[in-house]
Amino acid sequence: MGNFAYVPVIALLCYSLLFLALIAAKKNRIINSFLFILVVLILWTGGAYCMRRQLPPSVDFWYNVSILGLTMLPYSFINFVCEFAEYRNVFVKKIWLVILIAVNIINVLTGFFLAPPEPIKQNGETVFVYHYTWPVAILFAIFVLVFLNMLYFLLSYSKKNTLTKKQFMPIIIGIIILFVGHICILIPYFKGFPTDILASVFNAFFMFFALYKRNLFRLKLLLSRGSCYAITAGLSVAIFTNLINPLERLIVNNYSLSTEQTILVITFVFSFFIFFIYFIMKRFIDMVFVNDEVVQAESLKEFSLNISKSLNVKEILEELAEVIHNTIAVKKVFICIPNKNNTCYEIVHCTNPLDLNRFTIKIDNPFVTCLENSNECLLMKDFKRTIAYKSMWENEKKQLQELDIECVVPLKDDSGMIGIILLAEKEKKANFTFKDISFLDSINSIGSIAVKNSKLFEKVYLEARIDELTGLLNRKYFYEILQQEYDKFKDDSLALIILNIDDFKLYNQLYGNKEGDVALQNVAQIINASVGNNGYVARYSGKEFAIILPAYDIFSARNLAEVIRKQILNMNKRESDYALKMLTVSGGICSIPYAASNVKQLIENADMAIYTVKHNGKNAIMVYTGREQKVERNIIDFHKHRENIYSEYASTIYALTAAIDTKDHYTFNHSRNVAYYATELAYAFGMNDDCVEIVREAALLHDIGKIGIPEHVLNKPAKLTDEEYQIVKGHVESSIGIIRHLPSLDYVIPAVIGHHERYDGNGYPRRIAKEDIPISARILCIADSFDAMISSRPYKKPYSVGDALKILKDQAGLQFDPKLVQIFVELVESDMIKACEEEPA
C-alpha cells in the first residue's frame, strides 16, 4: 500500500484490541481515563486510515475526525496522569480542555492551524501531503505546554511516591516517542509518511507494557469469548481484504464460473476462513490460558472448603501456605503474625520448618508501615527503590535477602493488618505475573476472613477461661491447669500459693466497689509480674489469688510469696490516706510431694495455712506443715470468740464514750442520742439484730476522734476559720485511727468514716455518693444531723423538731438518702421516735 494505509491499520488494531480487552474490566477512575485515551487514539488513527482510503462521506470529514482525536490526545494523557497520581479536581486540567476544544472548533471551521492534506497521485496511487503554515506552531506550542504540565505532575507524584517512578517511566517514554513522531512530520524527508501514527504504535506498546508492569488490568480479559469474536473478525477482514483480489483472479482464470457463482465461492471461502481462525484461536486459548485459571479457581474452591471446617489459627495458616506454594509454585512461603505483646511480627508457619526462627521484624519498622498503607501485594524489586527500604537497618534488609523474598502480601481485615505473607522466588526464577497477584489478592481476602474468625473464636475461648476484671485465669480454668500440671510434675515438685487480701470487704465499704476493683487489678498486676513465665496466676475467688508453680520447691515458693506480700503492702504508699488505704495479704503455701499427695489435699492445705495466718494477726505467709489438729482447735476457739464479740467489747465502747464525756459532755450526750435515733431507723429499714448492733456501736463511737480537738475550737461560739474547720473535719480520720487499734471493732469503720458524706457526693472525707456510701453511714448521717439541729450549741440555738424535719425533707437527695429520710420523718411524726431532751452540761 503505497499510500501507507497499513500504518494506521496496525495502530488501529492495537488500540482496538486494548479497548476490547479493557471494556469488560471492573471500572474505576484510572481505567475510565485510560479508556478515554484509547477512544481518542482510535478516533485519530481511524480517521487517518479512512481518510487515506478515501472512504465516504468525504476526505475532509475523516480528516476532521482525525484532528479531533489529535487535539484531544494531550488532554486525555494529562487526565490519565492526574487520575493515576490521584490529583483530583485539578483546575488547570479543565483550562486545557477548554483550550483544546476551542482549537478543534476553529480548525474544523477555518483550517487555521492545520489544513486538510492535499491528495497527490504518485505512480497511480494517492498520497496525502500536508502544507504547513506558521499557525501550526501555535498548535504544537499548546501540545508542548500540556506535555510539560504533564511531566510536572509526574515528577511531583514520583517525589512523593518513589515506588511508582519506575512504573511511570514506560508511559513517559511512549509520550516522548509520540511527541517526536509529530515533530518528524514537519521534516521534508518524511513527507507523505505518517510518522505520527507510526509513533503511536510504539506509544501503544509502551503503554501496554506500563499497564502490565503496574498490574492494573487482568490480561485474561483479552482472551474472553467476546474478545475472540472481535479479534477473529478484525484479523479476518484485515487478511481477507488483501487476499480477495488474488482469490478472484484465481477463480476467474482457472474456472468457468459466472459472477454470481464467483461471489458465492468467495463468500464460502471467507466464512470458512473466519471459522478456521476462530477455532484455532479458541483451541490455543483453552490450551494455554484457561487451564491456569481453572487450576487457580479449583485451588481457591478447595482452600475455602478446607478452612471453613476449622477454627484453629495454626491449621488455617498451614492451608494458606500450602495453597500458595502449590498453585503459584514458589520455593518457600512464610507467614508472620504479631507476637503476644504486639511488638513485632514473627514467622509462625513456613513450608520449610528450618526457617521458622529466622525472621522477626518490629511493628514500627518502615517495611511494616509500607505494607499497612498498601492494599495490594508488594514486589521486593519495587520496594527496594523506596525511601522506606533505604531507611531500614542493614540487618533487617539482610533477613529479607537471606530468605530470598520477592513478593509480600499483607493480610488485612477491617481492623488493619493481622499478618504478613512472605513469598520467596518462583521455580525457574520466573516473574510474578498479574494472574499471580490476582490469585494472591483472592487468597488474601479469604484467608484474612478465616484468620479473623479463628482469632475471634480463640478470643472467646480464652475469655471463657480468663477473669474479666484482672485478666488472670478464672477459677474453672485454674482447676484444669492445676490438674494438668499435677499430671506432669507429680513425680517432681509442684507448689501452690494462695493469697487472700485482708479486710477487703472493709476496703470496699470505705472506698466503694470501683476503688476495690482498681485495687484487685493492681494486686493482680503485681502477682503476674512477679511470677512471669515461671507459673500460672489465677483469681481463685473474689479476693483470693492462686499461683501454680511447676518444679518449685517449698522455699522458693515462700520467697516469691514474701516478695509479693511486701509489694502489695507498699502498693498504696504514695496515697495521702495510706494509713486507711493500706492493703495486706495472708498467704498459704503447700507443695507436692512434701505436704500433699493429690490436688485436693494441695488446695485444702493451702487454705488451712491461710486460715491460721488470719487467726494469728494477718499480713503474713505460712507454709503448711501438716499440723491439722492444732489448726482445727484454733478454728473452734475463733468461732466461740466471734459469738461473744459484742458483749466482750461493750465495756470498751462505754469506756471510750466516758472518755469523751470528760472532755465534752455534749459529745457524749450527742453520741447516745444518735445511737438511739440510728438504731430505731435501722430497725424500721429492715436490718437484722446484728446489723442494728453495728449501727448502734458505730453511733456511740462516731465522734470519738473529737477527743483530739482543742476545747477552744470544739466549743467556739463564733464562726470557725478555715484552718479550724479543717481541724474539726479531721475528727473522722482520728476516729478511724482509734477504732483500728481496737481488735475486732473494725466492722464499725464504714459507718464512722462515712457519716459526713453527702448523698450528692459533696461530703467528706472521700466525696463518695449515693449507694457507694455504706447504708450504715447513711443512717448515721440522718441521725447525727437531726440531733445536731435540735440541740443547742455555743454557736447556735436549737431548731424545733418541725424545722429539723423540714430541713431533712429539703435536703433529701442532696445531703441525705431520700428513702431513709422518708422513713425517719414518718417515725418522728408517728412518735415512734421521740426527740431526746437535752441534759444540762
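A quick note: this is a predicted structure, and the numbers were derived from the prediction, not measured. (Residues numbered from 1 in each chain as written. Predicted model: local features only at pLDDT ≥ 70, side-chain atom pairs only at ≥ 80, totals over all residues. Heavy atoms only, no water.)

With that settled, the discussion passes to the pairing of strand S10 (residues 536–541). Bridging between S10 and strand S11 (residues 544–550) involves five bridges; their strand directions are antiparallel. Looking across to S11, one finds that Tyr536 is bridged to Ile548. Taking the residues that link successive antiparallel strands as the turn, the S10-S11 hairpin has two residues. (Pairing = 2+ DSSP bridges. Helix = DSSP H or I, 4+ residues; strand = E, 2+ residues; numbered from the N terminus.)

Turning our attention to the pattern of salt bridges. Evaluated as defined, the whole model comprises 13 salt bridges. A salt bridge links Lys600 to Glu604, with the shortest nitrogen-to-oxygen separation between them at 2.6 Å. On the criterion of helical spacing, the pair formed by Lys600 and Glu604 is a turn pair, its members being four residues apart in helix H20 (residues 599–615). Note on Glu604: relative accessible area 39%, which makes it partly exposed. Note that Glu829 is salt-bridged to Lys809, the shortest N-O span being 3.6 Å. One end of the pair, Glu829, is in helix H32 (residues 818–829); the other, Lys809, is in helix H31 (residues 801–810), with 20 residues separating them in the sequence. Owing to a relative accessible area of 46%, Lys809 belongs among the partly exposed residues under this scheme. (Salt bridge = Lys/Arg side-chain N within 4 Å of Asp/Glu carboxyl O. Buried < 20%, exposed > 50% of the residue type's maximum accessible area, 1.4 Å probe, protein only.)

This part covers helix H16 (residues 475–489). Helix length check: H16 (15 residues) gives 21 Å between terminal C-alpha atoms against 21 Å at 1.5 Å per residue, within 8%. Taken together, the buried positions of H16 are Phe478, Ile481, Leu482, Glu485 and Tyr486. Looking down the long axis of H16, one finds its buried residues gathered within 140 degrees of arc, a one-sided arrangement. On the buried face of H16, the contacting elements are strand S9 (494–501), S10, S11, strand S12 (585–592) and H20. (Expected span 1.5 Å × (residues − 1). Arc of directions from axis to C-beta. Contact = heavy atoms within 4.5 Å.)

As a further point, take the pairing of strand S7 (residues 405–413). Among the nine residues of S7, eight are classified as buried, and the element is accordingly described as predominantly covered. For strand S6 (residues 378–379) and S7, the ladder comprises two bridges, and the chain directions are antiparallel. Paired with Leu378 across the strands is Val408, a residue of S7. When S7 meets strand S8 (residues 416–424), the two strands line up antiparallel, connected through eight bridges. Within the sheet, the bridge partner assigned to Val408 lies in S8 and is Leu422. Where S7 folds back onto S8 in an antiparallel hairpin, the turn is made up of two residues.

The antiparallel open sheet is built from six strands, whose spatial order is S5-S4-S3-S8-S7-S6. The open sheet has two edge strands, strand S5 (360–362) and S6, and neither has a second partner. Running at roughly 150 degrees to strand S3 (residues 333–338), helix H10 (residues 313–328) makes contact with S3, strand S4 (344–350), S7 and S8 of the sheet. (Axes fitted to C-alpha atoms, helices over the stretch in contact; angles between N-to-C directions.)

Right, let's talk about the nonpolar core for a bit. Of all hydrophobic cores here, the largest spans 53 residues; its most connected members are Leu73, Phe77, Ile78, Phe80, Tyr87, Met150 and Phe153. Contributing elements (two or more residues each) for this core: helix H1 (6–23), helix H2 (29–52), helix H3 (59–84), helix H4 (91–110), helix H5 (135–160) and helix H6 (165–184). At 14 residues, H3 tops the list of elements feeding residues into this core. Those residues in contact with Met150, other than ones at most four positions away along the chain, are Phe77, Ile78, Val81 and Ile175. (Core = buried A, V, L, I, M, F, W, Y, C linked by side-chain atoms within 4.5 Å.)

On the surface, Ile101, Ile105, Val108 and Leu109 cluster together to form a nonpolar patch covering roughly 370 Å² of accessible area. Structurally, Ile101 can be placed in helix H4. (Patch = residues over 30% accessible without salt bridge, like charges linked within 9 Å, V, L, I, M, F, W, Y side chains within 5 Å. Areas by Shrake-Rupley, 256 points an atom, 1.4 Å probe, with all protein chains shown as cover.)

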